[in-house]
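Single-letter residue listing:
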Amino acid sequence: MPQVTIDNKSVDVPHGTLIVEAAKQVGIEIPVFCYHPKLQPVGMCRMCLVEVGTPKRGKDGQIERDANGAPVIAWMPKLQTACTTVVSDGMMVRTDTAQVADARRAIIEFLLTSHPLDCPICDKGGECPLQNLTMAYGPGQSRFPVESKFHNEKRVPLGDLIMLDRERCIQCARCVRFQTEIADDPVLGFAARGRGLEIVTLSDPPFDSKFSGNTIDTCPVGALTSRDFRLSARVWEVRDYPSVCAHCSVGCNLWIGERDRTIKRIVPRENEAVNEIWLCDKGRFVHHFATSSERLTQPLIRRNGDLQPATWNQALDLVATRLKEIQQHDPNAVGGLAGDRASNEDLYLFQKLFRRVIGSNNLDHRVGWSAANVGADLIRLYGAGIGTNLGALAHDTTALVLGADPEEEQPVIRLRLARSARVFGATLIVANGRLTKLAKYAKQSVVYRYGGESAFLLGMVRAIIDENLENIEFIRARVANFDAFKTALAPYTVERCAELSGVNADALRNAARAFAKSPDALILYGREAMFAQQNDPAVASGIATLLLITGHVGRANNGLVALYPHNNSTGAFDFGFLPDHGLGRAQVESKGLSAREMTCGKVRALYVMACDPALTSDSLVGTQQGESVRQDGFVKPEFLVVQDLFLTETAKLADVVLPAQSFAEREGTFTNTERRVQLFRAALKPVGEAKPDWWIVAEIGKRLVSGSNLKLETWDYAHALEITEEIAASVPLYKGMTCAALAENVKLPRPRSGQGNPSGEPAQIAMGELENISSGKMWASVAESDASAKFELVWKEPSSQYSVVSNQYVLAVARSLYDGGTLASRTKIVQPRVPAPYVEINSQDAEEIGIANGARVRVSFDARVIQVSARVNGHVPPGVVLMANNLDGTAALPMGARVKIEKV
Amino acid sequence: MAFPDIGALIKGMSVTLREMFNPPVTYQYPEVRRPLYPRFRGRHELKRHANGLEKCIGCSLCAAACPADAIYVEPAEQTDAARYSPGERYARRYEINHIRCIFCGFCEEACPTGAIVLEHDYELSYYNRRDAIITKERLLVPPPAPDLSTPRAMPDPGGLYSAIPPVKGGVEQ
Ligand code: SF4
Ligand code: SF4
Ligand code: SF4
Ligand code: SF4
Ligand code: FES
């Protein structure tokens, strides 16, 4: 390791370290503008100039030494940029000399000749590196007359979300580099020359990227600002509360910036294991629902046919009385549905109410999904090892991404997987029934026929066995039934699987080799694979077999990651929100009713928390075993209680409506898609009389147990975090995940991430300090926690379902990051980003139908006819069409249905 | 020893006697008012530019400087169609709580545009506490001419291109 001496402080750093990074290690701050630790250095701003010298070597190659034996240093005649110079052994660096100070002063004076210095009206003011460095290193006075300032255009909309101020730009290219290197949406670029150099957007629509908000953070000046937060408060007036994004299952860490009881802005909170310093634009901008005027503010009770305001006591008493009545008659006549957006505390108490007090297993969270078990066991057994970091999978790791579209569904995971592949050289194998954006980074991209998922997996298994690549040691020690499995597999040759799945046999073999030979390997499977799994049990067994025969379980960067649709889907599985699984994903003896059964009139009382079964907009409704199954409309049970933020379709039918608090108003924990449990804190005061979900459930619990022989105290909670403690003490999976443990290893206050302040100098956090909050904890899968656990291979016959019928297409259902969902539709600023409904179709099929890109077509299936415009491209294979769910008029699309397409 | 302290009494009365012939210092307020020093710090005013635009640009620096946390500023974005002040930002709400204010003048000192000035009105009494929160309407001085009021359509702010007038110290002399 080279040793470098910076201002007389020596430090050993790895090869390839830049001077600016080495300096941080000895606590010396070198001012920078264009350098950013996450981006490639470019040396554009010259702010980081330092004096650099290396030991002088004589003709013999030996280091020359002076009289005292110290090496003679050859100082470079000119200053060097610390952000591009790599250290070498014996290097000397001086950052505290007059020459360096002079250079810094000159660079700042020069930058300010074309900078408007309108800090008082600039959104960056208060957390601006240019301000800070000018104060620290600037000249104080300029020698240039103020009239000679270079002026440029202000207030240039750079898309729907970002505003550009051309005068303020210091041409550091951080935004351009972020878009190119990290987001890989190269939609920004430079135009013109010299002082007139301008940032321009190259895409149509302008700044077309799902990560555009991050350029606001990385811009070291106020050139790029948020059109949402824009000029609505000063940053030091905004109070930041640590929270976790509630929009998708990545669970990005963020700060909620609050002022005057509203959310002013959301910025990323650094967590290298989850979101690094990034957020997608949905997480950043979709927050206006929290303070929407449509929020429910008080309990409602149906009287004479109308929902009328009531007090909490009236509403809760009514709920308790009616539930008790029905429960005493038959506990199984009471059902509970909870959305997987609710926090762990809410879910835990809800199931406790049902299992311990009401005595019913009628619990489900998969509203609109079919009754199949979507991977609860797989994750419990083979979930990826603790310490898995999807953003830093190394070159010896292979990740098989099956049936997922993270670009739209888990954007930050897409960004991080792409970085793993591009920067760290991890091998991605992307397999789906269509091409997704992630396929671009894949060493191997496989497009199978929808319905051929299991054949694809078995083909890989077979290829591994054929080439003797299985992990014999692991199989001997931990896997049962291998020989029987091999016998059953015999008729399925690689060629046969290739034919069944529509994948080339060589592609199957290549994928199998990469997966089996790689020291570390993961499978990430997404919504489309889960859908396949519910029709075809061989998908789940195929995934398990692939992991087991290669021994890729139970260690970091090995195992299975389920890419679930919602922020707390994992929590919902963990707390047993399945009719056949209980707390901690254990199987239960007496199976309860599924969501579908509960909503079609099989229960007398239904308690609905944080979901909207009357508007089943989930695409997993639809086909089963190849048959088109339609959701029989929602049947209102005798007694319906709905607990939600808004008067949803279900709430409109309810007998009692209870107003709940949004995630921004309360605290709790969410478990993200990697099973990482993360704590979040309250940022807002409650809206109206809204109460947290757990409080409402606990109040009902108290009323139900009073007078029975159950203990009342077990329903007495002062705070959500008391429930977190109870979970940590009583739920095996969450053992030891106390608030203290979840809040470990993070020091706060600290610099807010990504705010263009790579120097590490803490940004001022206004008004009071922040509470401790953590980077989260993952629970261990069985493969990891129990080294002696044996696993059995299960043989399931693959069933390929989608036979192609002429003139009909298989409908694949995608999700769009911005859609017509409850939360996004209440945020005006992202509305232009919501795509118009479309159908993607292969050019070959398009030719047959006689349509061109952009043509209007009529899509008909199951007595529904939708008119949309066609996108003709190569993303879907022939015979498949793709539509995004939940856009204008495309709610509740049935995945896998056969559709007809006609020209309009 | 009937009057042991007669000396002190005489001394005191002599002061009284002398003052009886001096002219009185009491002002017959409110008929007569005491002249104020030019830099007297009384009730705040929000000033305007000569073209009627508000000097205040809603930057909240006064609020940040205020030791009593007496100022509340809610900024917003403006356009040429409805212009309040030079630049993109203006104060949608501006309030000073005179119950909290200690008349230190830090706000005036912090203001980059010379918008907030502590003027000479010291008659600050209210019948209720709400009235002591002086809103922007009450703080803002009237426009120099009726047609120069704000907000108004102003496609070209002319010399006021920048939010902060390019004058030394930011204050027009
Ligand atoms: S807009 Fe900001 S990030 Fe982009 S080049 Fe200019 S100063 Fe740098
Ligand atoms: S990737 Fe998901 S969790 Fe992260 S900010 Fe976006 S929506 Fe939120
Ligand atoms: S005079 Fe002083 S106390 Fe009063 S508002 Fe101004 S800064 Fe605050
Ligand atoms: S400092 Fe001046 S310009 Fe800024 S908000 Fe206060 S009064 Fe307005
Ligand atoms: S040149 Fe080194 S930070 Fe910009």
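Residues numbered from 1 in each chain as written. Chains lettered and ligands numbered in written order. Predicted model: local features only at pLDDT ≥ 70, side-chain atom pairs only at ≥ 80, totals over all residues. Heavy atoms only, no water.

Chemist: Give a detailed account of the overall build of chain A, specifying residues and quantitative values.
Modeler: Check the secondary structure of chain A and you find 26 helices and 39 strands. Against the compact-globule benchmark of 29 Å for 904 residues, chain A has a radius of gyration of 29 Å, which places it among compact chains. With respect to the principal axes defined by its C-alpha atoms, chain A has extents near 95 × 70 × 60 Å. In chain A, which comprises 904 residues, the share counted as buried stands at 62%. The long-range share in chain A, meaning contacts at least 24 apart out of those at least 6 apart in sequence, stands at 73%. A total accessible area of about 32,500 Å² is found for chain A, and carbon and sulfur atoms account for 50% of it. In chain A, the 100 positive side-chain charges and the 102 negative ones have mean positions that sit 2 Å from each other. (Helix = DSSP H or I, 4+ residues; strand = E, 2+ residues; numbered from the N terminus. Rg over C-alpha atoms; globule rule 2.2 N^0.38 Å. Buried < 20%, exposed > 50% of the residue type's maximum accessible area, 1.4 Å probe, protein only. Contact = heavy atoms within 4.5 Å. Areas by Shrake-Rupley, 256 points an atom, 1.4 Å probe, with all protein chains shown as cover. Lys, Arg positive; Asp, Glu negative; His and termini not counted. Charge placed at Lys NZ, Arg CZ, Asp CG, Glu CD.)

Chemist: Kindly report on the packing of aromatic side chains, identifying the contributing residues and their values.
Modeler: All names here are of chain A. Overall, the coordinates contain 17 aromatic pairs over all chains when judged by the stated rule. Aromatic side chains Tyr-448 and Phe-456 sit 5.8 Å apart centroid to centroid with 40° between the ring planes, which places their arrangement in the tilted category. As far as the burial class goes, Tyr-448 and Phe-456 line up, both buried. Centre to centre, the rings of Tyr-492 and Trp-795 are 5.6 Å apart; their planes meet at 50°, and the pair counts as tilted. Separated by 303 residues along the polypeptide, Tyr-492 in the loop between helix H14 (482-489) and helix H15 (494-501) and Trp-795 in the loop between strand S33 (791-792) and strand S34 (809-814) bring together distant segments of the chain. When its relative accessible area of 23% is taken as the criterion, Trp-795 is described as partly exposed. Ring pairing ties together the aromatic residues Phe-289, Phe-663, Phe-670 and Phe-680, which thus form one cluster. The ring of Trp-715 carries Lys-352 above its face, with NZ or CZ at 5.0 Å from the centroid. We note Arg-826 situated over the ring of Phe-646; from NZ or CZ to the ring centre the distance is 3.7 Å. (Phe/Tyr/Trp six-rings, centres within 6.5 Å; stacked < 30°, edge-to-face > 60°. Lys NZ or Arg CZ within 6 Å of the ring centre and 35° of its normal.)

Chemist: Lay out the site of ligand 2 in plain terms, naming residues and giving numbers.
Modeler: All residues in the neighbourhood of ligand 2 are listed as A:Cys245, A:His247, A:Cys248, A:Val250, A:Gly251, A:Cys252, A:Leu279, A:Cys280, A:Gly283, A:Pro411 and A:Val412. A breakdown of the residues in the shell around ligand 2 according to their chemical character gives eight nonpolar, three polar and no charged. (Near = heavy atom within 4 Å. Nonpolar A, V, L, I, M, F, W, Y, C, P; charged D, E, K, R; others polar.)

Chemist: Which residues make up the packing of helix H12 (residues 453-466) of chain A against helix H16 (residues 505-517) of chain A, and what are the values?
Modeler: Helices that pack against each other are described as a pair by the angle of their axes relative to one another and the distance between those axes. Residue and element names in this part refer to chain A. Running from N to C, H12 and H16 point in directions that differ by 65°, and their axes come no closer than 8 Å. The angle between H12 and H16 places the two elements in the roughly perpendicular class. Both H12 and H16 take part in a crossing whose hand is right-handed. On H16, the residues touching Phe-456, Gly-459, Met-460, Ala-463 and Ile-464 of H12 are Leu-508, Arg-509, Ala-511, Ala-512, Phe-515 and Ala-516. Partitioning the contact of H12 with H16 into residue classes produces nine nonpolar, one polar and one charged. (Axes fitted to C-alpha atoms, helices over the stretch in contact; angles between N-to-C directions. Parallel < 35°, antiparallel > 145°, perpendicular 65-115°, else oblique. Left-handed = near helix turned anticlockwise from the far one by under 90°.)

Chemist: Got a sec to walk through the pattern of salt bridges? Specific residues and values, please.
Modeler: Applying the stated rule across the entire model yields 65 salt bridges over all chains. Between A:Arg155 and B:Glu77 there is a salt bridge, and its shortest N-O distance comes to 2.6 Å. Of this pair, A:Arg155 sits in the loop between helix H3 (129-137) and strand S7 (156-157) while B:Glu77 sits in strand S2 (residues 71-77), each in a different chain. Its salt-bridge partner being A:Arg230, residue B:Glu88 comes within 2.5 Å of it at the nearest N-O pair. (Salt bridge = Lys/Arg side-chain N within 4 Å of Asp/Glu carboxyl O.)

Chemist: So, H14(A): which residues are in play, and what are the values?
Modeler: All names here are of chain A. For H14, the full list of buried residues reads Phe-482, Phe-485 and Leu-489. Seen along its axis, H14 keeps its buried residues to an arc of 60°; they face one direction. Turned more than 90 degrees away from the buried face of H14 sit Asp-483 and Thr-487, all of them exposed. Here the buried face of H14 lies against H12, helix H13 (472-478), strand S22 (479-480) and helix H18 (538-550). (Arc of directions from axis to C-beta.)

Chemist: An account of the site of ligand 4 is requested, with residue identities and associated values reported.
Modeler: Around ligand 4, 13 residues are found, and the nearest of them are B:Cys56, B:Cys59, B:Ser60, B:Cys62 and B:Cys111. When its residues are assigned to classes, the shell around ligand 4 shows ten nonpolar, three polar and no charged.

Chemist: I'd like to hear about the interface of chain A and chain B, residue by residue, with values.
Modeler: Listed by partner, the interface residues are 24 residues for chain A and 19 residues for chain B. Sorting the residues of chain A by area buried against chain B places A:Pro120, A:Ile121 and A:Leu231 first, and these three jointly supply 36% of that buried surface. Of the residues in the side of chain A that touches chain B, the class split is nine nonpolar, three polar and twelve charged. (Buried area = accessible area lost by both parts, 1.4 Å probe.)

Chemist: If you had to explain the environment of A:Trp236 to someone new, which residues and values would you point to?
Modeler: All names here are of chain A. Relative to the helices and strands, Trp-236 resides in the loop between strand S11 (224-226) and strand S12 (239-244). Take Trp-236: its relative accessible area is 24%, and that puts it in the partly exposed class. Each C-alpha atom of the pair Trp-236 and Leu-658 lies 36 Å from the other, and the pair is 422 residues apart in sequence.

Chemist: Could you give an account of unusual backbone geometry, naming the residues involved and the relevant values?
Modeler: Of note, the bond from A:Asp204 into A:Pro205 is cis; its omega dihedral lies within 30 degrees of zero at 0°. Residue placement: A:Pro205 occurs in the loop between strand S10 (198-201) and helix H5 (214-218). Here the residue pair B:Tyr29 and B:Pro30 is connected by a cis peptide bond, since its omega of 5° sits within 30 degrees of zero. Position of B:Pro30 among the secondary structure elements: in the loop between helix H1 (6-20) and strand S1 (44-46). At A:Leu231, a position not held by glycine, the phi torsion is positive, near 50°. Structurally, the position occupied by A:Leu231 is in the loop between S11 and S12. One non-glycine residue, A:Asn886, adopts positive backbone phi at about 65°. Note on placement: A:Asn886 falls in the loop between strand S38 (880-884) and strand S39 (898-903).

Chemist: Outline the packing of helix H4 (residues 174-182) of chain A against helix H11 (residues 411-422) of chain A, listing residues and values.
Modeler: Residue and element names in this part refer to chain A. One can describe the packing of H4 onto H11 by two numbers: an axis separation of 10 Å at closest approach and a directional angle of 80°. The orientation of H4 relative to H11 falls into the category roughly perpendicular. Only Arg-414, Leu-415, Arg-419 and Arg-422 of H11 make contact with H4, whose side of the interface consists of Thr-180, Glu-181 and Ile-182.

Chemist: An account of the domain arrangement of chain A is needed here, citing residue identities and associated values.
Modeler: With domains assigned, chain A is organised as domain 1 (3-96), domain 2 (145-291), domain 3 (300-373 + 567-744), domain 4 (380-561) and domain 5 (809-903). Once you take the C-alpha centre of each, domain 1 of chain A and domain 4 of chain A turn out to be 45 Å apart. (Domains from an automatic or database assignment.)

Chemist: An account of the sheet that holds strand S13 (residues 253-259) of chain A is requested, with residue identities and associated values reported.
Modeler: All names here are of chain A. Here we have three strands laid out as an open sheet, ordered S12-S13-S14, and antiparallel in their pairing. Every interior strand has two partners, whereas the edge strands, S12 and strand S14 (262-268), have only one. Each adjacent strand pair in this sheet contributes to an overall mean axis angle of 30°, direction not counted. Inspection of the sheet shows S13 paired to S14 by six bridges, in the antiparallel sense. Its bridge partner lying in S14, Ile-256 is registered against Ile-266. (Pairing = 2+ DSSP bridges.)

Chemist: Break down a nonpolar patch on the surface for me, citing the residues and quoting the values.
Modeler: A grouping of B:Ile6, B:Leu9, B:Ile10 and B:Met13 is seen on the molecular surface, where their side chains present a nonpolar patch of about 410 Å² in accessible area. Of note, B:Ile6 is situated in helix H1. (Patch = residues over 30% accessible without salt bridge, like charges linked within 9 Å, V, L, I, M, F, W, Y side chains within 5 Å.)

Chemist: Could you give me a rundown of the sheet that holds strand S23 (residues 520-525) of chain A, with the residues and numbers involved?
Modeler: All names here are of chain A. Ordered by their spatial adjacency, five strands build an open sheet running S21-S20-S19-S23-S24, and the pairing between neighbours is parallel. Edge positions in the sheet fall to strand S21 (444-447) and strand S24 (559-562), since each has one partner strand and no second. Within the sheet, the average angular offset between the axes of one strand and its neighbour, ignoring direction, is 15°. Relative to S23, strand S19 (residues 397-402) is paired through six bridges, and the arrangement is parallel. Within S23, the position partnered with Ala-399 by the bridge is Leu-522. Strand contacts of helix H17 (residues 527-535): S19, strand S20 (427-432), S23 and S24, with the helix running at about 75° to S23, the strand carrying the most contacts. H18 contacts S19, S23 and S24 of the sheet and is inclined by roughly 170° relative to S23.

Chemist: Just give me the short version of the nonpolar core, but keep the residues and values in it.
Modeler: Residue and element names in this part refer to chain A. The biggest cluster of nonpolar side chains holds 115 residues, and the ones touching the most others in it are Leu-353, Phe-456 and Ile-700. Residues contacting Ile-700, with those up to four places away along its chain left out, are Leu-316, Val-319, Leu-323, Leu-353, Tyr-607 and Leu-658. Ranked by size, the runner-up nonpolar core spans 93 residues in total, among them Cys-34, Cys-219, Val-250 and Val-430. (Core = buried A, V, L, I, M, F, W, Y, C linked by side-chain atoms within 4.5 Å.)

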